[in-house]
Amino acid sequence: MLNILGAGRAGTALARAAQAAGVPTRIAASRPPGALRLHLAQYAPRATAVPAECIAADDARTAPGLPPLVVLMVPQEELDAVDPAWLRGAVVVDATNRWDEEPLADWFRASLEAGLSSSEAVAARLPGATVVKALNHVSHWDLDTAGRSGAADRRALGVAGDDAGAVRRVADLTARLGFEPVVLPSLAAGRALEPGGPVFNQPLSAPALRRALGLAGS
Ligand SMILES: NC(=O)c1ccc[n+]([C@@H]2O[C@H](COP(=O)([O-])OP(=O)(O)OC[C@H]3O[C@@H](n4cnc5c(N)ncnc54)[C@H](OP(=O)(O)O)[C@@H]3O)[C@@H](O)[C@H]2O)c1
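Residues numbered from 1 in each chain as written. Predicted model: local features only at pLDDT ≥ 70, side-chain atom pairs only at ≥ 80, totals over all residues. Heavy atoms only, no water.

J.: Quick one: what's the story with the sheet that holds strand β2 (residues 25–28), residue by residue and with numbers?
T.: Pairing within the open sheet is mixed, and its eight strands lie in the order β3-β2-β1-β4-β5-β6-β7-β8. Taken across any chain shown, the strands that pair with only one partner, and hence form the sheet edges, are β3 (48–49) and β8 (180–184). Relative to β3, β2 is paired through two bridges, and the arrangement is parallel. Considered in β3, the bridge of I27 is made with A49. Helix α6 (residues 164–176) rests against β1 (2–5), β4 (69–72), β5 (91–94), β6 (130–134), β7 (156–161) and β8 of the sheet, and its axis sits at about 165° to β7. (Pairing = 2+ DSSP bridges. Helix = DSSP H or I, 4+ residues; strand = E, 2+ residues; numbered from the N terminus. Contact = heavy atoms within 4.5 Å. Axes fitted to C-alpha atoms, helices over the stretch in contact; angles between N-to-C directions.)

Structure, rendered in structure tokens:
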């Protein structure tokens, strides 16, 4: 089960990509499920709407023994309204991006000023969650077409985290969605995936992405 917090351009594109890959999906937004019905009928017809506070709640289709997997696709300027308790115990894929024009909550700004990357700032805000940075440096248009390219010319996407099991799980999801996962050494290293970095919005093969990031094996 894939859980997506945020049902805008990115969240619904991910839901469609998951649907094409046969991955069951739950999705939440700031609006309650009833108010999302028409929106989802148009943009993510097979996703099940749930209240945001239930996005990481146990579901019969969550693999037993594994923590829920939640992709965070809420604009960073809105993250102050995301209650950290909703995500406690989950593997959280931080797919959000730092845009200069977006105002930030004080906790976020303080973490960035202390030298953290934006995903480390998100992780500091979410005690009890395991944060992995991924799925942020691809546009929603390219998420939509991912599964349709052949295995030979798969686009690579970075996966950065400090917990090997969580990173492996997110890399598996990335592959299932039709991309070639490239693992970075740590959550802090995920700074290279942010806007303005060498791979943001660049359709690169795995060797080219590794080269651009200066990773071994390139
Ligand atoms: N767009 C892309 O191509 C793309 C690709 C990769 C990553 N990203 C990143 O993903 C994030 C979202 O981008 P987007 O373009 O999808 O934004 P968007 O179209 O504005 O959608 C934002 C979504 O977040 C929901 N939301 C806002 N506050 C919330 C809250 N407190 N709790 C739950 N849900 C909340 C909104 O709910 P409502 O629908 O109820 O308003 C909406 O569904 C950004 O950080 C962006 O940089 C975007």
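Additional details are given in the paragraphs that follow.
J.: Can you lay out the pairing of β1 for me, pointing to particular residues and giving the numbers?
T.: Both faces of β1 are covered, namely the face carrying L2 and I4 and the face carrying N3 and L5. Of the pairings in the sheet, the one linking β1 to β2 comprises four bridges and is parallel in character. Of the residues in β2, the one forming a bridge with L2 is T25. Handedness of the β1-helix α1 (residues 9–20)-β2 crossover: right-handed. (Buried < 20%, exposed > 50% of the residue type's maximum accessible area, 1.4 Å probe, protein only. Right-handed = clockwise from strand over helix to strand, strands pointing away.)

J.: Got a sec to walk through the packing of aromatic side chains? Specific residues and values, please.
T.: All chains considered together, the criterion is met by two aromatic pairs. Between the aromatic rings of W107 and F108, the centroid separation amounts to 5.0 Å while the plane-to-plane angle is 20°, which identifies the pairing as stacked. Comparing W107 with F108, the two get one shared label, buried. (Phe/Tyr/Trp six-rings, centres within 6.5 Å; stacked < 30°, edge-to-face > 60°.)

J.: I'd like to hear about the side chain of K133, residue by residue, with values.
T.: Note that K133 resides in strand β6. On the basis of relative accessibility, which here comes to 0%, the residue K133 falls in the buried class. Within polar-contact distance, the side chain of K133 engages the side chain of S119 at 3.0 Å. Every residue in contact with K133, bar those within four places of it in the chain, is listed here: D94, T96, S118, S119, G158, V159, A160, L187, G190, L193 and E194. (Polar contact = N/O pair within 3.5 Å; in protein donor to acceptor, adjacent residues only side chain to side chain.)

J.: Just give me the short version of the nonpolar core, but keep the residues and values in it.
T.: For soluble globular proteins, the rule of thumb is that nonpolar side chains tend to be buried together. Membership of the largest hydrophobic core comes to 35 residues, with the highest contact counts inside it found for L2, L14, V71, L135, V170 and L177. Contributions of two or more residues to this core are made by β1, α1, α2 (33–43), β4, β5, β6, β7 and α6. Per-element accounting of this core gives the leading share, five residues, to α1. By size, the runner-up hydrophobic cluster in this structure holds 25 residues, among which are L5, V74, V82 and A105. (Core = buried A, V, L, I, M, F, W, Y, C linked by side-chain atoms within 4.5 Å.)

J.: Summarise unusual backbone geometry; cite the residues concerned and give the values.
T.: At L135, a position not held by glycine, the phi torsion is positive, near 60°. Mapped onto the elements, L135 comes out in the loop between β6 and α5 (140–145). We note that N201 has phi near 60°; this positive angle belongs to a residue other than glycine. For N201, the location among the structural elements is in the loop between β8 and α7 (206–213).

J.: Hey, could you go over a negative patch on the surface for me, with residue numbers and the actual values?
T.: A cluster of acidic side chains, namely E77, E78, D100 and E101, defines a negative patch on the protein surface. Position of E101 among the secondary structure elements: in the loop between β5 and α3 (106–113). (Patch = residues over 30% accessible without salt bridge, like charges linked within 9 Å, V, L, I, M, F, W, Y side chains within 5 Å. Areas by Shrake-Rupley, 256 points an atom, 1.4 Å probe, with all protein chains shown as cover. Salt bridge = Lys/Arg side-chain N within 4 Å of Asp/Glu carboxyl O. Lys, Arg positive; Asp, Glu negative; His and termini not counted. Charge placed at Lys NZ, Arg CZ, Asp CG, Glu CD.)

J.: Can you break down the site of the ligand residue by residue, with the values?
T.: Lining the immediate surroundings of the ligand are 25 residues, of which A7, A10, S30, R31 and H140 lie closest. Within the contact set of the ligand, an oxygen atom lies 3.1 Å away from a backbone nitrogen or oxygen of G8. Within the contact set of the ligand, an oxygen atom lies 2.7 Å away from a backbone nitrogen or oxygen of H140. Relative to its unbound accessible area of 910 Å², the ligand is 83% covered by the protein chains. Each residue belonging to the shell around the ligand can be placed in one class, and the counts come to 14 nonpolar, eight polar and three charged. (Near = heavy atom within 4 Å. Nonpolar A, V, L, I, M, F, W, Y, C, P; charged D, E, K, R; others polar.)

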